[in-house]
Every structure is written in C-alpha cells, then in structure tokens.
Amino acid sequence: MRSRNPVFSRRGFSRDNGYAGFNTAPQAGGPAVGTQGNPYAQGNPYAQNPYAQQDLQQGAPPQAPATTGRMTMDDVVQRTGTTLGTLIVTAALAWVLLPVDDANISRSYGIGIGAALIAMVLAFVQSFKRKPVPALILSYAALEGVFLGVVSSVVDNRIASGAAMQAVIGTMAVFAGVLIAYRAGWIRVNRRFYGFVMAAALGFVLLMAVNLLFAVFGGGDGLGFRSGPLGIFFGVIGIILGACFLALDFKQVEDGIAYGAPKEEAWLAAFGLTLTLVWIYMEFLRIIAILNSND
C-alpha cells in the first residue's frame, strides 16, 4: 500500500512493493523462514540487502547489518518519544490556554476542530510521500495535541472528572499488553492477520462514516453507534482494532530493523505508532464519557 488512512491504513516499510513482507522475518521465538518457502520474501525491498539474502538462504533469522545509517530500535524509541512528547506538550498547552467554560467553549472547541482537520491533511500528505518528512510528522503531532487537549479538557471538566488520566492509563495498558503478547509470540502477525484486520477496520470506518452522515444531516446521535450502549460496544471494538494495529506496527519495526531499513524510516515507525495510540486514547475517552453521561 502506498497510501494510508490517518487512522487505519498501514503502509509498511516497503515503498513500491506493498506491505513489508509479512513472514519475511520470524517473530521472537518463531521458526526461521527461508526465501524458498516464503512467497512474500521477494516482496520485501530489504530482502535485497546482501546481509538479509545471506541470512535467508542459510535459513537463519535475519540480522540487521552492522553498517551505519540503518534503523535501530533506539532510533525508533527516540523518534517516537519526540513525536509523542510534542503531542503531549501541545495538548497540555491547549488544556491550559483554551478554557472550556461557558464563555469560551465554542471558541476553544472551534480551534481544536480546526487543528484536527489540519492535522488530518498533514497526515494524508505524509502518507502519500515516498519518504518520511520529520517536519510534517512533528507538525501533525503538534496540531493533534491541540485537538486532544481541548477534547480531553471538555470531557474531564464538563462530563467526567479524571477522564483524561483514565484514558491515558487505559492506552498505556493496551500498549504494554500488546507489546508483551507480541514479544511472547502470542500474537502471530502474518498476511492472514493483516487481511482480517484491514477488512474489519474498513467496515468499522464505513459504519462510523454512515453514522456521522446521519448525525450531520438528521441531527441527534445519527444511528446511535457512538452513544449509549452501542457507543460503548463500538468503542470496545475500536480499542481492539487499535490493539491489532499496534501489533502491525511492532511487526513493521521488527522487519525494518531486521532487513536494514534506512535510519530515516524510524520517523515512519513513530508516525504509525502515534496514529494508533491517538486512536486508542480517543476510544477510551469516548467510552468514559458515555459511561459517565449515563449516570
């Protein structure tokens, strides 16, 4: 895939040859897979790396080349930390500088929605570029942070006190749980898993889009998929989908490191992880708001 929806689609480290070859690199604790037995290995651009070719031909787990300029786990952690740090700082500033009292809520919410729309545009622009652009990714994070800060402040101050912290804890718990399960080999990311997740995500997005259209033109809560008991149900589905995309993100990072992806690709990994974490956080925040509004 050469482009992706800012929330659900996933472009792998492969640029022109589709997703970054699921099954080309065995997961932690998994068996080694050679090129002869794996029809997807030829689709991975990093399998052309002489180090990767040697590893695959010998049937050994691929090892990242020791040359400089290649992506490492430290690069991914640093870039992700920078991106999330930018988002958190702007969210905190928006929380403080954009009050949501009765006199200012319309202005603050308008600024938040405007920032979210611009952030979406930047995410699409980055998605269609052949290489990650750090300025675009950080700009997206900053603007998305403004939106999250405003929305979190509205929910926390006007609906459920402490909702933002609860959503943060929930997001961190999902991240940690998926990471542990992935590293333990309990989650096996392959092409079947990828196809199932993408199909489920597409259906989810289309359903939510229809609900939004009914809400805009018909008023109220649309078809009710984002409020009440149905809203809680679909919020849980959204969190599960987010967890699945975290597993895809982890697989992308693992493949990129194993096949010697360029160091700049760490920004793409950070971008994908940020998108997924924002999605999970928003679903948690929505569920918390629904539960408290029903009290």
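Here, the structure is the one placed above.
Residues numbered from 1 in each chain as written. Predicted model: local features only at pLDDT ≥ 70, side-chain atom pairs only at ≥ 80, totals over all residues. Heavy atoms only, no water.

(A) Broad picture of the overall build of the chain. Helices and strands together make up the secondary structure of the chain, namely eight helices and zero strands. Secondary structure elements of the chain occur, N-terminal to C-terminal, as α-α-α-α-α-α-α-α. When burial is assessed residue by residue, the chain has 50% of its 295 residues classed as buried. Sequence separation of at least 24 residues holds for 77% of the intrachain contacts in the chain that already meet a minimum separation of 6. (Helix = DSSP H or I, 4+ residues; strand = E, 2+ residues; numbered from the N terminus. Buried < 20%, exposed > 50% of the residue type's maximum accessible area, 1.4 Å probe, protein only. Contact = heavy atoms within 4.5 Å.)

(B) Molecular detail of the nonpolar core. In terms of nonpolar packing, the biggest core is built from 58 residues, with Tyr-140, Val-174, Val-178, Phe-193 and Leu-246 touching the most fellow members. Secondary structure elements with two or more residues in this core: α2 (73–97), α3 (105–128), α4 (134–158), α5 (163–183), α6 (191–218), α7 (228–258) and α8 (265–293). Sequence-distant contacts of Val-178, defined by excluding residues within four places in its chain, comprise Ile-187, Ala-243, Leu-246, Ala-247 and Phe-250. Core analysis: the next-biggest nonpolar cluster, separate from the first, contains seven residues, Leu-98, Val-100, Ala-115 and Val-154 among them. (Core = buried A, V, L, I, M, F, W, Y, C linked by side-chain atoms within 4.5 Å.)

(C) Region of the structure containing α6. Here α6 contains 28 residues, and its C-alpha end-to-end distance of 40 Å stays within 8% of the 40 Å for a straight helix at 1.5 Å per residue. All of the buried residues in α6 are Phe-193, Tyr-194, Val-197, Met-198, Ala-201, Phe-204, Met-208 and Asn-211. Contacts made by the buried residues of α6 are with α7 and α8. Residue Asn-190 occupies the N-cap position of α6, its side-chain oxygen lying 3.2 Å from the main-chain nitrogen of Arg-192. (Expected span 1.5 Å × (residues − 1). Polar contact = N/O pair within 3.5 Å; in protein donor to acceptor, adjacent residues only side chain to side chain.)

(D) Geometry of the packing of α4 against α8. Contact geometry for α4 and α8: axes closest at 11 Å, N-to-C directions at 10°. Considered as vectors, α4 and α8 are oriented roughly parallel to each other. From α4, Pro-134, Ile-137, Leu-138, Tyr-140, Glu-144, Phe-147, Leu-148, Val-151, Ser-152 and Val-155 reach across to α8, where they touch Trp-267, Leu-268, Phe-271, Thr-274, Leu-275, Val-278, Tyr-281, Met-282, Leu-285 and Ala-289. Classifying every residue of the contact of α4 with α8 by side-chain character gives 17 nonpolar, two polar and one charged. (Axes fitted to C-alpha atoms, helices over the stretch in contact; angles between N-to-C directions. Parallel < 35°, antiparallel > 145°, perpendicular 65-115°, else oblique. Nonpolar A, V, L, I, M, F, W, Y, C, P; charged D, E, K, R; others polar.)

(E) Quick look at the side chain of Ser-152. With respect to the element layout, Ser-152 can be found in helix α4. The exposure class of Ser-152 is buried, given its relative accessible area of 4%. Among the polar contacts made by the side chain of Ser-152, one reaches the side chain of Tyr-281 at a distance of 2.6 Å. Apart from the residues within four sequence positions on either side, Ser-152 is in contact with Trp-95, Ala-164, Tyr-281 and Leu-285.

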